[in-house]
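The primary structure of each chain is shown beneath.
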Amino acid sequence: MTNKQLDRRREQSAAATAAAERTRTTVTELENRLRTNADLTRQQTQALRNAEAESKRLKRSLKTQARDKDRLEKAHRKAVTRAEKAQTKAASVEEKYDKSLLSDLLRREKERDRSAKPVQAPVSPALPAVVPPAPEETPEETPAAPAKATSSRAPARATAARKTAAKAAGTTATRTRAPRKTTTVVETPAPATTRRRQPRKSTS
């Protein structure tokens, strides 16, 4: 074999070796890229699964929050109603307390005012009149007819006055126990008409 043929084959062998090396390098690079791709695919798949799980969790959380919102709104409405009722009741009780306190203060002030004023005893009705005895007649004096009528009516008026006073005194005693002031009304009888003494005739 000549030197040319040897050189050519050496060149062909070197070229084949270089090509084989390049192919191995390409294979290695592709393998590396495949591994990288697989790793990325695995990571992204896990991320997707995590995202799906998070999405499900968030959906469940949203549903739970929606249920809690409805429950809280109902509880809030009930609490507002109870608060309004309690406020109304408190205002009513406070108003009753104010009225009771005001009534008690008024009662105390009335009692204090009444105790400060002097008590005036009620005036009792007039007692029966005291009728003076009829004047004695002398043999020389003879009362006229009108005087007799007046003296006969005086006892009757005194008796009627005593009965009326007794009834009024009984009614007044049942109404009040305060000391009574008695007033005496004295009826003056009508003056009796007497005859003037006539001068006696002297007998000679």
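Residues numbered from 1 in each chain as written. Predicted model: local features only at pLDDT ≥ 70, side-chain atom pairs only at ≥ 80, totals over all residues. Heavy atoms only, no water.

## Focus: the overall build of the chain
Within the chain, the secondary structure is distributed over two helices and zero strands. Put simply, the chain has 204 residues, and 4% of those count as buried. Considering only intrachain contacts with a sequence separation of at least 6, the fraction spanning at least 24 residues in the chain is 90%. Surface summary for the chain: the accessible area is close to 18,600 Å², and the carbon and sulfur share equals 55%. (Helix = DSSP H or I, 4+ residues; strand = E, 2+ residues; numbered from the N terminus. Buried < 20%, exposed > 50% of the residue type's maximum accessible area, 1.4 Å probe, protein only. Contact = heavy atoms within 4.5 Å. Areas by Shrake-Rupley, 256 points an atom, 1.4 Å probe, with all protein chains shown as cover.)

## Here's the deal with the pattern of salt bridges
Counted under the stated rule, the structure contains ten salt bridges. In this structure, E21 and R24 form a salt bridge, with 2.3 Å as the shortest nitrogen-oxygen distance. Taken together, the positions of E21 and R24, both in helix α1 (residues 3-116) and three residues apart, correspond to about one turn of that helix. The partly exposed category is assigned to E21, whose relative accessible area is 40%. A single network of salt bridges, built from pairs that share partners, joins D104, R107, R108 and E111. (Salt bridge = Lys/Arg side-chain N within 4 Å of Asp/Glu carboxyl O.)

## What about a nonpolar patch on the surface?
Together, Y97, L101 and L105 make up an exposed nonpolar region whose accessible area comes to about 290 Å². You can see Y97 is positioned in helix α1. (Patch = residues over 30% accessible without salt bridge, like charges linked within 9 Å, V, L, I, M, F, W, Y side chains within 5 Å.)

## A word on the confidence of the model for the chain
Looking at the chain, pLDDT values average 75 and 58% of them are 70 or higher. Under a pLDDT of 50 for its full length, residues 172-187 has, in the predicted model, 26 contacts with residues more than four places off or in other chains. (pLDDT = per-residue confidence, 0-100.)

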